[in-house]
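# Commentary on secondary and tertiary structure
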Amino acid sequence: MEQFEPPQSLEILLDRISHQRESLPKRLRQCADFIVQNMNDVAFSTVAQISEKAEVQPSAVMRFCQVMGFGGYSDMQKLVRQNIQPKMPDYSERIQNLRDSGDDSPTAILAEFVEAGRQSLEQLSASVNTASLEQSVELLSNAKLIHIMGLRRAYPVASYLSYAFEKLNVPNILHAGSGRLSHTQAMREGDVLIAISFAPYSPETLELADEAVRRGVPVIVLSDSASIPLKAVSFVPLIVSEIDFGAFRSLSATLSLAISLAVAVGARRSE
């Protein structure tokens with residue numbers, strides 16, 4: 001079995017698991033599936049606890065870590081902990097914290113969000129996975145129909161992507177969840193799904209992504225963390241994080257990534 005260097009990011013680890021899963025022995029594959037679906041458990045549980053929950057021997061968990069390039073379980077746990085999103089305060093708490101900070105005038109708030117947006121864009125430029133971006137554009141350029149889903153905070157991104165594709169004459173369908181109708185049956189071979197979700201993740205979006213994988217439809221996940229709790233391990237991750245102000249997060253970098261994706265797809269399809 002191929003020997004790997006220790007993964008330097010959670011995104012690299014998840015990509016490695018995705019590519020190696022089918023070649024793993026049964027018990028290690030069982031470890032892979034559990035770990036991908038339960039990152040919070042990995043961050044704060046012992047080897048014994050993980051092995052019990054995954055229904056494998058502790059030695060299987062240790063062997064899985066080594067196969068993925070880690071020296072041991074603690075190395076993998078450290079990497080996962082660095083990427084776990086802390087619980088965000090609710091909106092009333094955020095407003096109170098903003099008032100407590102002193103300057104909550106409109107001009108001061110605007111200045112803070114402009115600065116947070118600038119930092120987010122710089123971070124995106126420096127950290128975007130160019131291989132995942134190119135793979136996403138290639139998949140979308142050849143798709144018969146592009147399915148898009150994003151709810152709550154992700155909805156503006158999803159609706160904007162759908163609008164942009166429509167203007168670029170790229171066939172797409174926006175899964176908005178209206179009336180709790182998922183349009184799952186509309187997914188066919190040759191289609192592609194863009195699933196957009198941020199912590200705490202929308203279960204409806206995750207369910208559609210898992211269903212797409214079961215149907216053999218490629219999935220592109222646009223999220224703020226590679227540890228998004230999908231049951232399926234086969235997806236293309238586009239990770240973008242936003243610098244927050246007072247625990248409020250704008251969508252500056254996310255929308256920039258979305259329009260870049262749409263324009264690149266439109267350009268390639270017109271070649």
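Now for a look at the structure at hand. (Residues numbered from 1 in each chain as written. Predicted model: local features only at pLDDT ≥ 70, side-chain atom pairs only at ≥ 80, totals over all residues. Heavy atoms only, no water.)

## Section: the overall build of the protein
Quick reminder of the rule: In this description a helix means any DSSP run of H or I spanning at least four residues, a strand means any run of E spanning at least two, and both kinds are numbered starting from the N terminus. Each residue is placed in one exposure class: buried if its accessible area under a 1.4 Å probe, protein chains only, is under 20% of its type's maximum, exposed if it is over 50%, and partly exposed if it falls in between. Contact between two residues is taken to exist if any of their heavy atoms lie within 4.5 Å; hydrogens are not considered. All accessible-area figures derive from a Shrake-Rupley calculation using a 1.4 Å probe, and residue coverage is judged against the displayed protein chains alone.
Helix and strand counts for the protein come out as 12 helices and 7 strands. Here the protein holds 271 residues, and 46% of them are scored as buried. Taking the contacts inside the protein whose residues are at least 6 apart along the sequence as the reference set, 71% of them involve residues at least 24 apart. Of the roughly 13,900 Å² of accessible surface on the protein, 52% is carried by carbon and sulfur atoms.

## Thoughts on helix α12 (residues 252-269)
Inclusion rule: One fewer than the residue count of a helix, multiplied by 1.5 Å, yields its expected span.
A rise of 1.5 Å per residue sets the reference length of α12, with its 18 residues, at 26 Å; its end C-alpha atoms lie 26 Å apart and thus fit the reference within 8%. Within α12, burial applies to A253, T254, L257, A258, L261, A262, V265 and G266. Those residues of α12 hidden inside the fold are in contact with α8 (106-127), α9 (130-141), α10 (155-167), β3 (192-197), β4 (219-223) and β5 (236-239).

## A word on the environment of G150
With respect to the helices and strands, the residue G150 is situated in strand β1 (residues 146-150). For the pair G150 and E204, spaced 54 residues apart in sequence, the C-alpha separation works out to 8.9 Å. Excluding residues within four positions of it along the chain, G150 makes contact with Y155, A158, H175, I196 and T205.

## A closer look at the packing of helix α4 (residues 47-54) against helix α5 (residues 58-67)
Just so we agree on the cut-off: Fitting a line to C-alpha atoms yields each axis, with helices limited to the stretch in contact; the angle taken between N-to-C directions then spans 0 to 180 degrees. Roughly parallel covers angles under 35 degrees, roughly antiparallel covers those over 145, roughly perpendicular covers 65 to 115, and oblique covers all other angles. Under this grouping Gly is polar, as are all residues other than the nonpolar Ala, Val, Leu, Ile, Met, Phe, Trp, Tyr, Cys and Pro and the charged Asp, Glu, Lys and Arg.
Where α4 meets α5, the closest approach of the two axes is 8 Å, and the angle between their N-to-C directions is 105 degrees. Overall, the two elements α4 and α5 adopt an arrangement that is roughly perpendicular. Contact residues: V47, I50 and S51 in α4; P58, V61 and M62 in α5. Here the residues of the contact of α4 with α5 are counted per class, giving 5 nonpolar, 1 polar and no charged.

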